[in-house]
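Coordinate inspection notes
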Amino acid sequence: MTKGTVNSVISNMVTLRVDGPVKQGEICYIETGGDKLMSEVIKIIGADVYVQVFESTRGLKVGAPAEFTGHMLEVQLAPGMLSKEFDGLQNDLNKMEGVFLKRGQYTDPLDRDREWDFIPIAKEGDVVQSSDWLGQVDENTQPIKIMVPFQMEGKAKVKSIVKAGKYKVEDTIAVLVTENQEEIKVNMIQHWPVKFAMTNYKQKPRPFKLLETGVRTIDTFNPIVEGGTGFIPGPFGTGKTVLQHAISKQAEADIVIIAACGERANEVVEIFTEFPELDDPHTGRKLMERTIIIANTSNMPVAAREASVYTAMTMAEYYRAMGLRVLLMADSTSRWAQALREMSNRMEELPGPDAFPMDLSALISNFYGRAGYVYLNNGEVGSITFIGTVSPAGGNLKEPVTENTKKVARCFYGLEQERADKKRYPAVNPIDSYSKYLEYPEFADYIKNKINDQWIPKVLNLKTRMQRGKEIAEQINILGDDGVPVDYHITFWKSEIIDFVLLQQDAFDEVDAVSSIERQEAILNLVTDICDKDFEFENFNEVVDYFKKMINLCKQMNYSEFHSEQYEDFVRQIHEMLNEN
Ligand code: ADP
Ligand code: MG
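Residues numbered from 1 in each chain as written. Chains lettered and ligands numbered in written order. Predicted model: local features only at pLDDT ≥ 70, side-chain atom pairs only at ≥ 80, totals over all residues. Heavy atoms only, no water.

Right, let's talk about the site of ligand 1 for a bit. The full set close to ligand 1 counts 14 residues, and G237, G239, K240, T241 and V242 are the nearest of them. Within the contact set of ligand 1, an oxygen atom lies 2.8 Å away from a backbone nitrogen or oxygen of K240. For ligand 1, whose unbound accessible area comes to 560 Å², protein coverage reaches 73%. Taken together, the residues of the shell around ligand 1 break down into seven nonpolar, five polar and two charged. (Near = heavy atom within 4 Å. Polar contact = N/O pair within 3.5 Å; in protein donor to acceptor, adjacent residues only side chain to side chain. Areas by Shrake-Rupley, 256 points an atom, 1.4 Å probe, with all protein chains shown as cover. Nonpolar A, V, L, I, M, F, W, Y, C, P; charged D, E, K, R; others polar.)

In this section: the pattern of salt bridges. As a working rule, side chains carrying opposite charge can pair if their charged atoms are close by. If you walk through the whole model with that rule in mind, you get 29 salt bridges. With a shortest N-O distance of 3.1 Å, R216 and D512 are connected by a salt bridge. Here D512 lies in the loop between α11 (486-503) and α12 (517-532) and R216 lies in helix α1 (residues 216-221), a separation of 296 residues in the sequence. A residue is classified by how much of its surface remains accessible, and R216, at 1% relative accessible area, is buried. (Salt bridge = Lys/Arg side-chain N within 4 Å of Asp/Glu carboxyl O. Helix = DSSP H or I, 4+ residues; strand = E, 2+ residues; numbered from the N terminus. Buried < 20%, exposed > 50% of the residue type's maximum accessible area, 1.4 Å probe, protein only.)

Attention now moves to the environment of H575. Looking at where H575 falls in the secondary structure, it is placed in helix α14 (residues 565-580). Looking at H575, the relative accessible area reads 33%, which means it is partly exposed. C-alpha of H575 to C-alpha of M550: the two residues are 25 residues apart in sequence and 9.9 Å apart in space.

The biggest cluster of nonpolar side chains holds 90 residues, and the ones touching the most others in it are L134, L176, I257 and Y319. In terms of residues, this core owes the most to one element, helix α4 (residues 302-320), which gives twelve residues. Among all residues touching Y319, those that are not within four sequence positions of it are M81, L82, I144, I255, I257, I292, L324 and V326. One finds F208, V225, L438 and M577 within the second-largest nonpolar core, a separate group that totals 84 residues. (Core = buried A, V, L, I, M, F, W, Y, C linked by side-chain atoms within 4.5 Å. Contact = heavy atoms within 4.5 Å.)

What follows covers a negative patch on the surface. Taken together, D487, D534, E536, E538, E542 and D545 make up a surface patch of like negative charges. With respect to the helices, strands and loops of the structure, E538 is situated in the loop between α12 and α13 (540-558). You can call E538 exposed: its relative accessible area is 66%. (Patch = residues over 30% accessible without salt bridge, like charges linked within 9 Å, V, L, I, M, F, W, Y side chains within 5 Å. Lys, Arg positive; Asp, Glu negative; His and termini not counted. Charge placed at Lys NZ, Arg CZ, Asp CG, Glu CD.)

This part covers the sheet that holds strand β4 (residues 35-45). Around the barrel, which closes on itself, the six strands sit in the order β1-β2-β5-β4-β3-β6 with antiparallel pairing between neighbours. Sheet twist, expressed as the mean angle between neighbouring strand axes with direction ignored, is 45°. In this structure, β4 lies alongside strand β5 (residues 48-53), joined through six bridges in antiparallel fashion. Across the sheet, the residue bridging to S39 is V53, located in β5. (Pairing = 2+ DSSP bridges. Axes fitted to C-alpha atoms, helices over the stretch in contact; angles between N-to-C directions.)

Attention now moves to the sheet that holds strand β12 (residues 142-147). Strand order in the open sheet formed by four strands is β12-β11-β9-β14, and the pairing between neighbours is antiparallel. Each edge of the open sheet carries a strand with a single partner, namely β12 and β14 (165-168). Here the strands of the sheet are splayed against their neighbours by 45° on average, with no regard to which way each runs.

As a further point, take the packing of helix α5 (residues 333-346) against helix α6 (residues 360-368). Where α5 contacts α6, the two axes come as close as 11 Å, and the packing angle between them is 135°. The orientation of α5 with respect to α6, classified from their angle, is oblique. At the point where α5 passes α6, the crossing takes the right-handed sense. Along its contact with α5, which presents T333, W336, A337 and L340, the element α6 presents L360, L363, I364, F367 and Y368. When grouped by side-chain class, the residues that make up the contact of α5 with α6 number eight nonpolar, one polar and no charged. (Parallel < 35°, antiparallel > 145°, perpendicular 65-115°, else oblique. Left-handed = near helix turned anticlockwise from the far one by under 90°.)

What follows is about the pairing of strand β23 (residues 381-390). Extensive coverage of β23 is indicated by the burial of nine of its ten residues. Where strand β18 (residues 229-233) meets β23, five bridges bridge the pair, whose relative direction is parallel. Paired with I232 across the two strands is T389, which belongs to β23. Bridge analysis of strand β22 (residues 372-375) against β23 gives four bridges, and the strand direction is antiparallel. Looking at β23, one finds that G372 is bridged to I384. Hairpin geometry of β22 and β23 is characterised by an intervening segment of five residues between the two adjacent antiparallel strands and by a positive phi of about 90° at G379.

The subject of this paragraph is the side chain of S131. Inspection of the secondary structure puts S131 in the loop between β10 (127-129) and β11 (133-139). Taking the relative accessible area as the measure of exposure, S131 reaches 6% and is therefore buried. There is a polar contact of 3.4 Å between the side chain of S131 and the side chain of S130. The contacts of S131, once residues within four sequence positions are left out, are M147, V148, P149, F150, W192 and N200.

Below, the discussion takes up the pairing of β18. Put simply, side chains in a regular strand alternate between the two faces of the sheet. With five of five residues buried, β18 is to be regarded as a mostly interior element. In β18, alternate side chains face the same way, and those of T229, F231 and P233 on one face and G230 and I232 on the other are all buried. In this sheet, strand β24 (residues 411-412) lies alongside β18 in parallel orientation, the contact comprising two bridges. The partner of G230 across the bridge, within β24, is C411.

For the rest of this paragraph, the subject is the environment of G125. The residue G125 is located in the loop between β9 (115-120) and β10 in this model. Along the sequence, G125 and V177 sit 52 residues apart, while their C-alpha atoms lie 9.9 Å from each other.

Throughout the structure, instances matching the rule amount to 24 aromatic pairs. When the ring of F150 is compared with that of W192, the centres are 5.8 Å apart and the planes differ by 65°; the resulting orientation is edge-to-face. Taken together, the residues span a long stretch of sequence, with F150 in the loop between β12 and β13 (155-161) and W192 in strand β17 (residues 190-193) at a distance of 42 residues. Look at W192 and you get buried, because its relative accessible area is 0%. Considering the side-chain rings of W336 and F367, the 5.2 Å spacing of their centres and the 45° angle between planes classify their relative orientation as tilted. Of this pair, W336 sits in helix α5 while F367 sits in helix α6, and the two are 31 residues apart along the sequence. In this structure, W336 and F367 share a single accessibility class: buried. (Phe/Tyr/Trp six-rings, centres within 6.5 Å; stacked < 30°, edge-to-face > 60°.)

See below:
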């Protein structure tokens, strides 16, 4: 293996003089005072190699020796990761002694002694390729596939495979013979590089399948799809956490991965304390059983923070290759971008806008591009739905991270301070937010078959009405209540009906917190009926009275169990009121 010696040290940016070949992205360990500091190659100029060190470089001297490993930054993937908490370099945070890892210490991400009930899927003589399924173990309610190592090129024959029984992750469960007659022993552990998109699938079509989240402002108004991408810019206190919890709990996903790249320690602590408490409405158990948290503690050097989103995405790709539906949430991607900025500044690269690296746009789009809905080689499907939050400094949506994310993420859920101040939750701005999937013909077809062919036209109609309502509100603000015709008030109050009945949703009410698609369809139809009616009122006061009463009835309907007697009673009263006018 190639060796090197330290030439210069600037914070955790170190240059090495090397004696052999080195790969971009290769991992090396620098020795200092008995510690081995993990580092990653980020630039190579002849025999001079720039590395970023994932640890503090305090005390590191020029002349210190380094050893290269020949491999990229990678994660170990195996059964036993669910419900765990890792840091960005996949150290198991629960195996740490004390609060923080000491420099040069790493904890094992896997439980090597745990036994799993293995059931073979492949049999002797089968011809297999990279990432094909050899067998399965069950981990908390989820079927975890044991796969052919992804690095394997070409095809191989299964020479032998173990019988169903108890095995540990390091036990050999199959022997493969490649086309070159090379024997490969396969255990349950995969080693995947984190910074490359895994393309071990057959096809990645445009995603089209509605991913139900139970949140109406998403599902009805700006739907996300299985394998889709979205982002949530949110100033502090606007409901980012509440929304993230709601989506994590309710979305139709098998695996939830949370990448917490918070810089403030309390944000990370919040994740560790709140997530394990969450109940799983799908299984009746704890959500944590099918969740993995990747979190950076605030003392971690910037390079490790940068790695964490890649570690999380790679884990998501691992479960997707098993045919599972993965929901990946990163909070916040701004912190990741800040880490990129710090690194690039230390390298004294020519900076792009706001001192972010020149290739920020490519980095963000490559990352979002790893999400998706895929057909695996065996014909099964899997998906990674990715939702990232962005915390733009000072709520400025024109800064580079937000702008570049906007180019690639297909859904935009803008949390708005003004809405949060008015307690209109979720504070997702109904006008600026969007879902590009509403324009996909594949999505329209899916909705036609799954729900009905009027769904999308009705949604678009309500969106136009929201826009119109906003314009009128601005006019009324300037001209006063009596300065505009009564019809204007009616149009405005129709948009308030959409807002109060459909968009606003109480995350803390047992019934209102989650709306099934059937229920959202009922609400969409009802709100459309109200909005499409031609009302006649004498004056402005009549309008306000009428719509306030209507909103009140609708809200009570929303708080009643779907199709219960009480619910049907409110629906009847609403229709009576509609027919009266
Ligand atoms: P952030 O994470 O953006 O700082 P939070 O998610 O903690 O904000 O939300 C702040 C507060 O807003 C919550 O404690 C809650 O009182 C209120 N809130 C946010 N979303 C909702 C909702 N959908 N329903 C009811 N209350 C909400
Ligand atoms: Mg929060």
